[in-house]
Structures are given as C-alpha cells and as structure tokens.
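# An overview of the molecular structure
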Amino acid sequence: MQPRQARLADRVVTGENRVNVVILWNVARGEAVVRMDSLHTDIIYSACWNRDGTQILTSCKDKTLRILDPRKGTVITEKEKPHEGSRPVRALFVSDGKILSTGFSRMSERQVALWDPTGRVDMSYPSVVRHTGPVLDIEFCPHNDNIIASGSEDCSVMIWEIPDGGLTLSLTEPVVKLEGHSKRVGILSWHPTAHNVLMTAGCDNVVILWNVARGEAVVRMDSLHTDIIYSACWNRDGTQILTSCKDKTLRILDPRKGTVITVGPPLRRRVEKDKPHEGSRPVRALFVSDGKILSTGFSRMSERQVALWDPNHFEEPLNLEELDTSSGVLLPFFDPDTGVVYLGDTSIRYFEITTEAPYLHYLSVYSGKDSQKGMGYMPKRGLEVNKCEIARFYKLHERKCEPVVMTVPRKSDLFQEDLYPDTIGPEPSVEADDWFKGQDGQPIMISLKDGVAAPTKTKEFKVNKSLLKTTTVTTADTAASSGTVRELQK
C-alpha cells in the first residue's frame with residue numbers, strides 16, 4: 001500500500017463479460033481516483049509498485065507484462081510472452097528498475113527470468129515537436145545536459161532546453177531557431193571546449209559555425225566542399241575541423257578562418273587527402289589520439305575498410321585493414337581515455353590505437369541482429385563506474401532504441417583507475433565570444449572516482465536576439481588559404 005493510496009485489482013463478472021480493472025484509491029477519502037479499465041484483456045495475476053511509487057507492474061492472463069503510469073492510467077511499456085507456458089505468471093520490480101518474473105515453459109517447466117524493461121513507449125508520452133520535416137540529427141550539449149540541438153529536413157536547426165527531471169509536457173517552442181542552410185541539415189556538433197559554439201553541415205555543402213547564445217551565424221564555409229558532406233567533427237581542443245565529402249576528399253579546416261589548413265615551407269600545401277578509400281560508398285572520419293585520423297570506407301571491390309592516417313604525411317596510411325563485404329556504412333566512435341575506437345553497424349567492432357606499428361589492433365566484436373538507422377554514444381561521465389562500464393551505445397532501429405552496454409569483468413569492487421583515467425568534464429574552458437576572437441581552451445578534466453560533480457559555475461543558457469550579425473567566409477578552391485569575409489547586417 002502506498003501512503004494515502006491503495007491498489008485494488010478486481011475482476012467483475014457479468015454473465016459472459018469480464019472486466020479486469022486496476023483502481024487507485026484515496027483511502028482517507030474512500031474515493032477511487034484513477035481507474036484503468038481498458039488496459040488488460042483478461043485476468044490480472046499480479047500487480048505491484050516500484051520502489052518510489054512512480055510505476056505499477058502487472059502480469060495478466062493475456063501473457064503480457066505491463067508497466068503503467070499510475071497517475072495517467074496508461075501503459076509506459078510492455079513485454080509479451082515473458083514465459084511461453086499457459087500457467088499464471090507473477091512479476092515484481094527488483095533493483096535498478098529491473099523486473100523478475102516467474103512462470104512456465106511450453107513443457108510446463110517452472111521458470112524464473114530477469115528483464116530490463118525496455119519496449120514500446122506510450123504514444124501520449126511527451127516529446128519535442130516543432131520541426132516540419134523529419135529530424136536527421138540530435139546532439140546533447142557537452143556543457144549543459146539540459147540543452148539539445150536538432151537538425152531537420154526543413155533546413156532549420158533548433159535548440160531545446162529540457163527541464164530537470166525530464167519532460168512532463170511536450171515541447172513546442174525551441175529556445176532559439178537557427179536558419180542559414182538552404183537544404184536539409186544532417187550533421188550537428190558542439191564545440192568540445194567553447195561554451196555555446198555549434199557546428200552544422202547541410203546537404204547544401206555548407207558548414208556553419210554558430211554562436212548559439214546570440215542566435216548568430218559567425219562563420220560560413222560555402223565553397224570548400226563540392227558535394228554532400230558525409231561527416232564533420234572537431235579535434236580534441238576544437239582548433240580544427242575534419243570533414244569527409246562525397247567528392248572523395250578528407251579536409252582539415254581552420255574553423256575561424258573558414259579555410260583548409262595549409263602547411264609549409266618549403267612548399268605550402270593544403271592538408272587534405274584525395275581518395276582515402278577507392279570505393280564510391282560514403283566515407284566517415286574522425287580525429288583520434290595524437291592528432292591522427294581514422295577513416296572508414298570501401299575498396300573498389302566494395303570491401304569495407306578502416307584506415308589510420310597521419311595528417312603530416314597523408315600520402316600513405318599508417319594502417320589499412322579490410323574487414324568484410326557488408327554494405328552498411330561503419331560509424332566510428334573514439335574513446336580518448338582508453339585509446340579504443342568502436343566501429344558501429346549491425347555489429348560493433350573495436351580496436352585499440354597505439355603509438356607503434358601497426359598502430360591499429362583488433363580487440364573484439366559485439367554481434368547484433370538488426371541493422372540500425374543511427375547510433376549515439378554516451379559520454380564517459382554518464383557511465384556506471386561501479387559496474388566497470390566502459391562504453392554505452394544507443395542503436396536507433398525502425399521502431400525502437402536499443403542500448404548496448406560494454407563492461408570489463410572485474411572481481412574487485414574498488415575504483416578501477418586503469419579503466420577510468422581523468423576524463424573531459426562538463427565545464428567549458430572558454431566562452432563563445434572569446435573563442436571566435438581567437439582564444440583557445442583545453443578540455444577541463446575531472447576524476448570519476450567519487451562520481452561526477454556538478455559544474456562549479458551554473459551555465460545559464462540565454463539568447464540575445466538583438467545581435468544578429470553574420471560573418472560569411474568564402475574560400476576559392478585553390479591552394480591559397482585566404483578567404484573573403486563580409487559582414488551582413490540582418
């Protein structure tokens with residue numbers, strides 16, 4: 001029994017008709033407050049609360065476990081046929097929100113099972129709704145866990161602020177709407193050290209750097225790429241941007257100048273690599289340790305490849321490995337703390353990057369069943385350190401989001417310093433205005449030994465829409481690194 005409430009599951013029989021109802025009562029008033037009379041199609045075998053009384057778990061003769069929202073009287077998620085037999089099933093919440101159920105197999109063998117309650121989300125669950133086209137990418141701000149950027153086929157980028165504790169009502173108005181692309185926006189990336197700096201790339205072949213707090217497009221790179229941009233990412237301190245493009249070229253850009261970086265003497269050359277992979281399928285690339293670059297792509301024979309490059313010697317790869325002949329594009333993720341790179345697809349391969357030849361060492365593979373529409377990667381400070389969790393991915397499928405957790409088995413309960421060196425924290429090292437003026441900042445590191453502390457200063461998110469000035473950078477497609485800068489008062 002909950003304080004001031006009681007739970008009653010009753011079966012009312014009227015001739016051939018059975019109604020299976022869950023009722024929440026205010027016992028002090030003798031009053032039925034919530035009545036759930038259409039969720040269960042047969043006899044309810046068991047019903048219980050979770051630890052804090054925010055959810056109800058039921059098992060039913062229709063062979064379904066349901067987790068209910070007690071105040072709304074709706075289904076949050078459900079599991080069909082937790083046990084194949086026809087005998088009664090019982091279930092209850094246990095630690096960490098998991099569910100333990102007892103039942104029978106088809107052969108009438110008694111069973112016990114432990115479940116992680118993922119499944120269908122109720123259609124009435126609050127969501128973020130304002131884009132007029134499909135959302136192609138979302139990105140959590142690394143310096144404020146409540147801020148999310150979203151890019152869409154409607155050519156816009158929107159910034160959302162999620163309240164503490166999550167959504168209770170759907171969000172329909174963004175904090176700010178950023179408009180500057182003429183085609184759909186498929187790539188978003190927050191600056192790793194500068195507060196409120198966002199990079200976007202669209203199918204108009206344009207890269208824009210935004211001062212989000214001012215609602216201002218500060219740098220616009222509109223002549224560097226001759227075709228669709230496949231990927232774009234920052235290096236560790238945000239002083240460089242790496243892009244891969246359908247024109248089969250990797251480019252390292254100076255984000256404030258809006259040009260391809262050049263090196264020399266004696267002869268100045270652009271830091272870019274033509275045809276890192278010979279195939280015509282999409283290429284993905286990202287910075288890894290020591291300024292090196294890892295790319296994934298395809299050979300002429302459509303074999304999937306992974307390659308490691310030194311930008312100072314782009315002529316030949318440090319290592320190039322052929323993996324298989326699958327058709328899916330490999331999505332790379334890099335953990336700078338352990339030097340492990342993950343290549344995500346139906347399965348997730350992972351490699352260790354070292355400073356000595358052959359530089360790229362295969363470790364193992366997680367084998368999945370279904371291909372994904374996209375994939376997200378949890379920052380290190382969001383992992384469960386006490387369980388030796390070293391990576392967590394979220395695979396987006398057609399109708400579900402699947403978490404994939406990777407742990408290192410350890411018998412000791414002590415903090416594992418080799419698994420968790422100091423990692424990048426949530427505190428930015430420079431503000432957007434200062435960064436655009438030329439000031440750089442190194443990542444501020446934190447220890448995970450005693451948990452993650454809140455930032456030392458509360459970063460309030462504000463937008464000043466009175467300062468809407470765009471700096472547009474156009475760069476000729478030559479070896480010269482200079483560009484034309486013009487200011488457009490809106």
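Residues numbered from 1 in each chain as written. Predicted model: local features only at pLDDT ≥ 70, side-chain atom pairs only at ≥ 80, totals over all residues. Heavy atoms only, no water.

## A look at the sheet that holds strand β13 (residues 156–161)
In any sheet, the strands associate via hydrogen bonds between backbone groups, in a parallel or an antiparallel arrangement. One open sheet accounts for four strands, arranged β11-β12-β13-β14; its pairing is antiparallel. Of all the strands in the sheet, the pair left with one neighbour each is β11 (135–140) and β14 (176–179). Mean inter-strand twist for the sheet, computed between neighbouring axes without regard to direction, equals 20°. Alignment of β13 against β14, held across four bridges, turns out to be antiparallel. When the bridges of β14 are listed, M158 appears paired with K177. (Pairing = 2+ DSSP bridges. Helix = DSSP H or I, 4+ residues; strand = E, 2+ residues; numbered from the N terminus. Axes fitted to C-alpha atoms, helices over the stretch in contact; angles between N-to-C directions.)

## Describing the environment of S412
Within the element layout of this structure, S412 appears in the loop between β37 (401–407) and β38 (423–424). Along the sequence, S412 and N386 sit 26 residues apart, while their C-alpha atoms lie 9.8 Å from each other. A polar contact is formed between the side chain of S412 and the backbone nitrogen of L414, at a distance of 3.1 Å. (Polar contact = N/O pair within 3.5 Å; in protein donor to acceptor, adjacent residues only side chain to side chain.)

## Remarks on the sheet that holds strand β35 (residues 374–377)
Taking strand neighbours across the sheet as the criterion, the three strands line up as β35-β36-β37 in an open arrangement whose pairing is antiparallel. With partners counted over all chains shown, the strands left at the sheet margins are β35 and β37, one partner each. Here the strands of the sheet are splayed against their neighbours by 20° on average, with no regard to which way each runs.

## Quick word on the packing of aromatic side chains
According to the stated counting rule, one finds 11 aromatic pairs in the structure shown. Ring geometry for W234 against W435: centres 5.9 Å apart, planes inclined by 80°, an arrangement best described as edge-to-face. Within this pair, whereas W234 is found in strand β20 (residues 229–234), its partner W435 is found in helix α1 (residues 432–436), the two being separated by 201 residues in sequence. Between F333 and Y377, the ring centres sit 5.7 Å apart and the planes meet at 40°, which makes this aromatic pair tilted. You can see F333 sitting in strand β31 (residues 331–335) and its partner Y377 sitting in strand β35, a full 44 residues away along the chain. A residue is classified by how much of its surface remains accessible, and F333, at 14% relative accessible area, is buried. Classification of Y377 by relative accessible area gives partly exposed; the value is 25%. Joined through ring pairs, the aromatic side chains of F333, Y342, Y350, Y377 and F393 make up one cluster. Positioned above the aromatic ring of W435 is the side chain of R256, whose terminal nitrogen or guanidinium carbon lies 4.6 Å from the ring centre. (Phe/Tyr/Trp six-rings, centres within 6.5 Å; stacked < 30°, edge-to-face > 60°. Buried < 20%, exposed > 50% of the residue type's maximum accessible area, 1.4 Å probe, protein only. Lys NZ or Arg CZ within 6 Å of the ring centre and 35° of its normal.)

## Digging into the confidence of the model for the chain
Detailed reading of predicted coordinates is not advised where the pLDDT is low. Residues of the chain with pLDDT of at least 70 account for 86%, and the chain-wide mean is 86. Confidence scores differ between elements of the chain, with strand β42 (residues 484–489) showing the lowest mean pLDDT of 28 and strand β17 (residues 197–202) the highest of 98. (pLDDT = per-residue confidence, 0-100.)

## Looking at the nonpolar core
Ranked by internal contacts, the top residues of the largest apolar core, which has 26 residues, are L242, I293, L294, V341 and I353. Those elements that place two or more of their residues in this core are β22 (249–254), β27 (284–287), β28 (293–298), β29 (304–309), β32 (340–344) and β33 (348–353). Residue contributions to this core peak at four residues, all from β29. (Core = buried A, V, L, I, M, F, W, Y, C linked by side-chain atoms within 4.5 Å.)

## Describing the pattern of salt bridges
The full count for this structure, using the stated rule, is 24 salt bridges. For E173, the salt bridge is made with R130, and the minimal N-O distance between the two is 2.8 Å. Of this pair, E173 sits in the loop between β13 and β14 while R130 sits in the loop between β10 (110–115) and β11, placing them 43 residues apart in sequence. Across the pair D247 and R251 runs a salt bridge, and its minimum N-O distance is 2.7 Å. Taking the relative accessible area as the measure of exposure, D247 reaches 22% and is therefore partly exposed. In this structure R251 comes out as buried when scored by relative accessible area, which is 6%. (Salt bridge = Lys/Arg side-chain N within 4 Å of Asp/Glu carboxyl O.)

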